[in-house]
Each structure stands twice: as C-alpha cells, then as structure tokens.
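If you want the building blocks of each chain, they are given just below.
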Amino acid sequence: MRSKIKKCRSCGLYTLKDNCPICGAVTSQTRPARFSPEDRYGRYRRALRQEAE
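The paragraphs below set out a description of the structure included in this document. Quick caveat, the model's predicted, so the values are computed rather than measured. (Residues numbered from 1 in each chain as written. Predicted model: local features only at pLDDT ≥ 70, side-chain atom pairs only at ≥ 80, totals over all residues. Heavy atoms only, no water.)

1. A closer look at the overall build of the chain
Stated formally: Where helices and strands are cited, they refer to DSSP runs of H or I of at least four residues and of E of at least two residues respectively, numbered from the N terminus. Radius of gyration: C-alpha atoms only; globule rule: 2.2 Å multiplied by the number of residues to the exponent 0.38. Exposure categories follow from relative accessible area, calculated using a 1.4 Å probe and restricted to protein chains: below 20% of the type maximum is buried, above 50% is exposed, and the middle band is partly exposed. Two residues form a contact once any of their heavy atoms are found within 4.5 Å. We get accessible surface area from the Shrake-Rupley algorithm with a probe of 1.4 Å; when it comes to residues, only the shown protein chains can shield them.
Regarding its fold elements, the chain presents one helix and three strands. If you list the helices and strands of the chain from N to C, you get β-β-β-α. Computed over C-alpha atoms, the radius of gyration of the chain comes to 15 Å, more than 25% over the 10 Å expected from 2.2 N^0.38 for 53 residues, which places it beyond the range of a compact globule. Overall, the C-alpha framework of the chain stretches about 40 × 25 × 20 Å when taken along its three principal axes. Every one of the 53 residues in the chain was classed for burial, and the buried ones make up 15%. When contacts within the chain are restricted to residue pairs at least 6 apart in sequence, long-range pairs at least 24 apart make up 12% of them. When the accessible surface of the chain is summed, it comes to about 5,300 Å², and 53% of that surface belongs to carbon and sulfur atoms.

Written out as structure tokens, the structure is:
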C-alpha cells in the first residue's frame, strides 16, 4: 500500500499535493516507516486507540 503523503525534494516539506505549496518544486513519494520489533511507542498508540473507542 502506497502512502498518500509526499515530500518536497528541495525544501523538505511534507504535503499531499504534487507540487510544494511553498517553493513550487516537484514532490516525491515517501518511504514507508522502518519496521522495528521493539516498538518504543506502541504502548502510547494502543492507549490512544482505547480512548477513541
């Protein structure tokens, strides 16, 4: 599954658009987050999910 978020090649801004709203440069697809078996923030994510339900 591809991410919808894109990153500007020149200024590093993250956006959903094809062109950067700040500098007008072309944006590119971002890489997926790196997988780690020791999930440092998993406890917080699960707690937020429980609050939302």
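2. Structural notes on the sheet that holds strand S3 (residues 27-29)
Keep this limit in mind: Here, any two strands with at least 2 DSSP bridges between them count as paired.
Here three strands make up an open sheet; going across it, the order is S2-S1-S3 and the pairing antiparallel. Every other strand in the sheet has two partners, leaving strand S2 (14-15) and S3 as the edge strands with one partner each. For strand S1 (residues 6-8) and S3, the ladder comprises three bridges, and the chain directions are antiparallel. Bridge pairing links Cys8 to Thr27 in S3.

3. As for the state of the cysteines
What counts is decided by this rule: A pair of cysteine sulfur atoms is labelled a disulfide when the two atoms are within 2.5 Å.
In this structure the tally under the stated criterion is zero disulfides. You can see Cys11 has no disulfide; the closest cysteine sulfur is in Cys8, sitting 3.5 Å from it. Among the residues examined, Cys11 registers a relative accessible area of 43% and is labelled partly exposed. The closest cysteine sulfur to the non-disulfide-bonded Cys20 is located on Cys11, 3.6 Å from its own sulfur.

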